[in-house]
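# A closer look at the structure
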Amino acid sequence: MSTIGDRVREARLAAGLSQTALAGNAFSPSYISLIEAGHREPTDAALTVLAERLGTTLEFLKHGDDGPNEARTRLELDYARLDLASGDPAGAVHRIKSLDLAVVTPTLRSEALTTLARAHEMSGELEAAITILEPLLAETQGRNDQLRAAVLTTALVGCYLEAGDLHRAVEVGERTLSDLDQADLVGTDEHLRLASTVLWAYVERGDLMYATHRAAELVRLAESLGTPRGRGSVYWNAALVAEQRRDYELAQRYTERALALLSEGEPDRDLPRLRVNYAWLLLRSEPADPRAALEQIDQAEPGLSAVGSTLDVARLQVERSRAHLLLGTRRPRRPTPALRSPRSGTPRASRPRPPTSRWGTSSTPAATRTVPPRRTGGARTCSG
């Protein structure tokens, strides 16, 4: 169990401060050293000054994660994430907005605001999500937390993609990718997920030749440096670029690799969309394989029924019907799952996005469109 001294030291190192810098004019460096060694018990007044300089709270320095405000906020945040997993973004928004984030640590506040932005995005409220993410990203970059900034940028690029602001999506994404390169963080999961999302912005913008070049570079990088989940994200997006070029054979190979990698980890909400996308490819390959497509659809259906949009489920049903048509069989009657109300704009299924890891909880992009891919991209509004 950590002590006050442990937490002061950890916060000081995280802030990049020396003992002398933390002491400032209020304390002596030796006093800070004694606190961190556990030989002095600081007063609340002293801890208040230290907390302000360390960018944390008095409560956290005294009690750590067990402090009442921290514990209550973490509990509500866990419930909000369960709301999102069960397809209730409005419930998550209500929970988080009822919290007082001014009394918790910046790290926990950032987690809560990121979850709030995700809830707004899932509700189709892109402007609200962007309004939260832009200043949060600036704060994180100000603290020089490059990996966290990459996660936030991935989410922000995804929102701009859905809103059709492709220029801003590329601009924000490339700037953070450059920061990661300078920090020698190329090849990390965070880098690969962000690069995959920016890749799709180029496709949507109509830069298909450049996107093809970048996809090949990302595949080489992921295969040499990436983790299984990072490689899975890259393979999926590379498959989507190949699909746009109507190279369905290459798209199928990349999708199979992505499925093999991503099916081994913890289940996430985008894996069912990858399965439906694979079914889409199987039904358009030469020769088509409707039985294998139905296997993928059957595996995807429970997940999409739980957390997918109305259009996600509709797309699954279209591909199931197509498979039965190719088999010459009657499509079995199935009960219609309870669905959330459809959102305005272009469906989420039209954009591949590494998520939600983009939201820090998953590492894969959403599935692609239901119509044969076009050679040109374009700015279109989408609600997520």
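Residues numbered from 1 in each chain as written. Predicted model: local features only at pLDDT ≥ 70, side-chain atom pairs only at ≥ 80, totals over all residues. Heavy atoms only, no water.

## Regarding the overall build of the protein chain
The number of helices and strands found in the protein chain is 18 helices and zero strands. Buried residues in the protein chain amount to 53% of all 384 residues. Contacts in the protein chain between residues far apart in sequence, at least 24 positions, make up 65% of those at least 6 positions apart. For the protein chain, the accessible area works out to roughly 16900 Å², and carbon and sulfur atoms hold 52% of it. (Helix = DSSP H or I, 4+ residues; strand = E, 2+ residues; numbered from the N terminus. Buried < 20%, exposed > 50% of the residue type's maximum accessible area, 1.4 Å probe, protein only. Contact = heavy atoms within 4.5 Å. Areas by Shrake-Rupley, 256 points an atom, 1.4 Å probe, with all protein chains shown as cover.)

## Description of helix H6 (residues 68-85)
Here H6 spans 26 Å end to end across 18 residues, near enough to the 26 Å set by a 1.5 Å rise per residue. Among all positions in H6, only Asn69, Glu70, Thr73, Glu76, Leu77, Ala80, Asp83 and Leu84 are buried. Buried residues of H6 fall within an arc of 135 degrees about the axis and therefore sit on the same side. Count one or two residues on from H6 and you reach glycine 87, which has phi positive near 85 degrees. (Expected span 1.5 Å × (residues − 1). Arc of directions from axis to C-beta.)

## Description of a nonpolar patch on the surface
On the surface, a nonpolar cluster with roughly 300 Å² of combined accessible area is contributed by Leu75, Tyr79 and Leu82. Relative to the elements of secondary structure, leucine 75 occurs in helix H6. (Patch = residues over 30% accessible without salt bridge, like charges linked within 9 Å, V, L, I, M, F, W, Y side chains within 5 Å. Salt bridge = Lys/Arg side-chain N within 4 Å of Asp/Glu carboxyl O.)

## A short note on the packing of aromatic side chains
Applying the stated criterion to the full structure yields four aromatic pairs. Ring plane angle 25 degrees and centroid distance 5.5 Å describe the contact between phenylalanine 27 and tyrosine 31, whose orientation is recorded as stacked. (Phe/Tyr/Trp six-rings, centres within 6.5 Å; stacked < 30°, edge-to-face > 60°.)

## Details of the confidence of the model for the protein chain
Taken over all residues, the pLDDT of the protein chain has a mean of 82, while the share at 70 or more is 83%. Mean pLDDT in the protein chain bottoms out at helix H5 (residues 58-63), which sits at 83, and peaks at helix H11 (residues 166-182), which reaches 96. Scored below 50 in pLDDT, residues 336-357 makes 100 contacts in the model with residues more than four places away or belonging to other chains. Below pLDDT 50 for its whole length, residues 361-384 participates in 128 contacts with residues either more than four positions away or in separate chains. (pLDDT = per-residue confidence, 0-100.)

## A few points about helix H12 (residues 189-205)
With 17 residues, H12 should reach 24 Å at 1.5 Å per residue; the first-to-last C-alpha distance of 25 Å fits that figure. Across the 17 residues of H12, 15 count as buried, placing the element largely inside the fold. Glycine 206 sits one or two positions beyond H12 and adopts a positive phi of about 100 degrees.

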